[in-house]
Every structure is written in structure tokens, then in C-alpha cells.
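So the chains spell out like this:
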Amino acid sequence: MTGVIVTDPPRADAADVAALARFGVATVHEALGRTGSLGPGLRPIQQGVRVGGTAVTVLCRPGDNLMIHAAVEQCREGDLLVVTTTSPSTDGLFGELFATALRRRGVRGLVIDAGVRDTAELRAMGFPVWSAAVCAQGTVKASAGSVNVPVVVGGQVIRPGDAILADDDGVLRVPRDLVATAVKAAAARTAKEEATRAAFAEGELGLDRYGLRETLSRLGVRYVTAEEYGREETAT
């Protein structure tokens, strides 16, 4: 459905989202069974930033940012704006003026499956953005779209109020009813990784810690000397 602005979508619990935002995208992705990634097409315009927030979703027409203006009004503290278009677009739908308005409302950042511009200004003001393109091409404000409806980005259905995490590794969607579960799973994964890191620092090999020697054997992988390998190569 297009041409609607939903004003009161349920949101994931703010405290749970804040707790989840302490973990990296890769950690939460793994903890949830390698689900929720929006893929490699969305890249940060900055480095060293990790954010988490509740999704305010925007569906725009290509080359038209009217509905982003409408979405600003629906944003509140702790939200993260998620924008996509009805068909592919790389035009610069978003820039520094939008970021100024969103920051005033406590918005944590932007994920946009389209273009963004004013990137130097966005970095300078500390407003984090993950985008599919950087493009100076401007837009119009003439076509109806929707705000706070389900949208698809990177093959993931994002619903308003879902948790969105983003860092240098990309962007992740966590359904709002799974955020508390994701916090526990990510904490457990982090503890496991810390134990593994300590073991590796002491010299233990992944082959032994993960039981991979048996896997290699089962797959028919053999250990041979260089001399044996040379003989086998000559024989073939």
C-alpha cells in the first residue's frame, strides 16, 4: 500500500535496543543463526561508528524525497530512519539539511537503499549514514509514497519498530519481538568468542578447538610431504 503515513507503530523496547547496540553487527548476525543482514550493498560513509535504533521506514518514488520530509515528523528519540524506493534509484535523496532536522529529534542515523550527498558535511556533524550510493544528483518532491509500512531492503522485510544495527561491517535487522532474545544470544556469543580469543592467544589452533581435523578427514583431505606431493603430481 502506498500513500499512507502510519503515525503510531509499535517499537522494540528502547532499553533492549540500547543493550543490543553494544554488540557488533557480525556478532548479532551470527548469534541469530546468520539471519537479518541487509547485505554488502549498503556501505557506511564514515568509519568506526556503531549505532542501533528502532526503524522508521520510508518508501519513496525514485528521484523523489517527499516522503522523507513526511517521515521526519514521525521520528522520535532513539529511532533510525530506513529509506528505500519503489524501483532502483541512486539519486541523492538525503543530505545535510535532513540530517540537521533528524538530529534535532534524536534520530540515531540513516540507512538508505538509494543515494546520499553532502557526505563531508554529514561526517563533520557526526550523523552516521549507510547508503547504496553517493550521488550529487538532486531530487523532486512530487510523488506519494508511504511512511511506517513494511519495506524490503537487501532481501529483508523491515517493519516499523524493528531494531536496526549498523557498523563498519554493514546493517542488520532484528525483528522487534526478538530483540530481547537477541541480546542474550549476542552476550553468549561474545563470551564464547572471548574464550576462543584467549585460547588462540595461547597457541591453540582452530583445527583442534573446533574439532576440524575430523572434518578434514571425513572430506578426504590428506597430509602429505612435499616429496610425496611431487611424486603424485608427476604420476598424473
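Residues numbered from 1 in each chain as written. Predicted model: local features only at pLDDT ≥ 70, side-chain atom pairs only at ≥ 80, totals over all residues. Heavy atoms only, no water.

Details of the pairing of strand β5 (residues 110-116)
Burial runs high along β5: 6 of the 7 residues are buried. In the sheet, strand β3 (residues 79-85) pairs with β5 via 3 bridges, with the strands oriented parallel. Within β5, the position partnered with V83 by the bridge is I112. Examined bridge by bridge, strand β4 (residues 92-94) and β5 share 2 bridges and lie parallel to one another. From the neighbouring strand, G92 faces β5, where its bridge partner is G115. Across 5 bridges, β5 lies against strand β6 (residues 129-134) in parallel orientation. Paired with L110 across the strands is V129, a residue of β6. Remark: the β5/helix α5 (residues 119-125)/β6 crossover connection has right-handed handedness. (Buried < 20%, exposed > 50% of the residue type's maximum accessible area, 1.4 Å probe, protein only. Helix = DSSP H or I, 4+ residues; strand = E, 2+ residues; numbered from the N terminus. Pairing = 2+ DSSP bridges. Right-handed = clockwise from strand over helix to strand, strands pointing away.)

Focus on the layout of surface pockets
Of the volumes computed, that of the largest pocket is approximately 230 Å³. Taken together, 15 residues make up the lining of the largest pocket; nearest its centre are N65, G95, L97, F98 and R117. Element by element, the count of residues in the lining of the largest pocket is highest for helix α4 (residues 96-104), at 4 residues. (1 Å grid on protein atoms, 1.4 Å probe; cavity = no way out; pocket = protein on both sides within 12 Å on 5 of 7 lines; lining within 4 Å. Points joined across faces, edges and corners; volume = space filled by probe spheres on them.)

Side note on a nonpolar patch on the surface
On the surface, a nonpolar cluster with roughly 280 Å² of combined accessible area is contributed by F200, Y210 and L212. On the secondary structure map, L212 appears in helix α8 (residues 212-218). For L212, a relative accessible area of 33% gives the class partly exposed. (Patch = residues over 30% accessible without salt bridge, like charges linked within 9 Å, V, L, I, M, F, W, Y side chains within 5 Å. Areas by Shrake-Rupley, 256 points an atom, 1.4 Å probe, with all protein chains shown as cover. Salt bridge = Lys/Arg side-chain N within 4 Å of Asp/Glu carboxyl O.)

Some points on the pattern of salt bridges
Opposite charge on two side chains lets them pair, provided their charged atoms get close. Evaluation of the coordinates by the stated rule reveals 9 salt bridges. The partner of R50 in a salt bridge is D167, with the nearest N and O atoms 3.7 Å apart. Residue R50 is located in the loop between β1 (43-44) and β2 (51-60), and its partner D167 is located in strand β10 (residues 163-167); the two are separated by 117 residues in the primary sequence. According to the relative accessible area criterion, R50 is partly exposed, its value standing at 45%. Across the pair D208 and R213 runs a salt bridge whose closest N-O atoms are separated by 2.6 Å.

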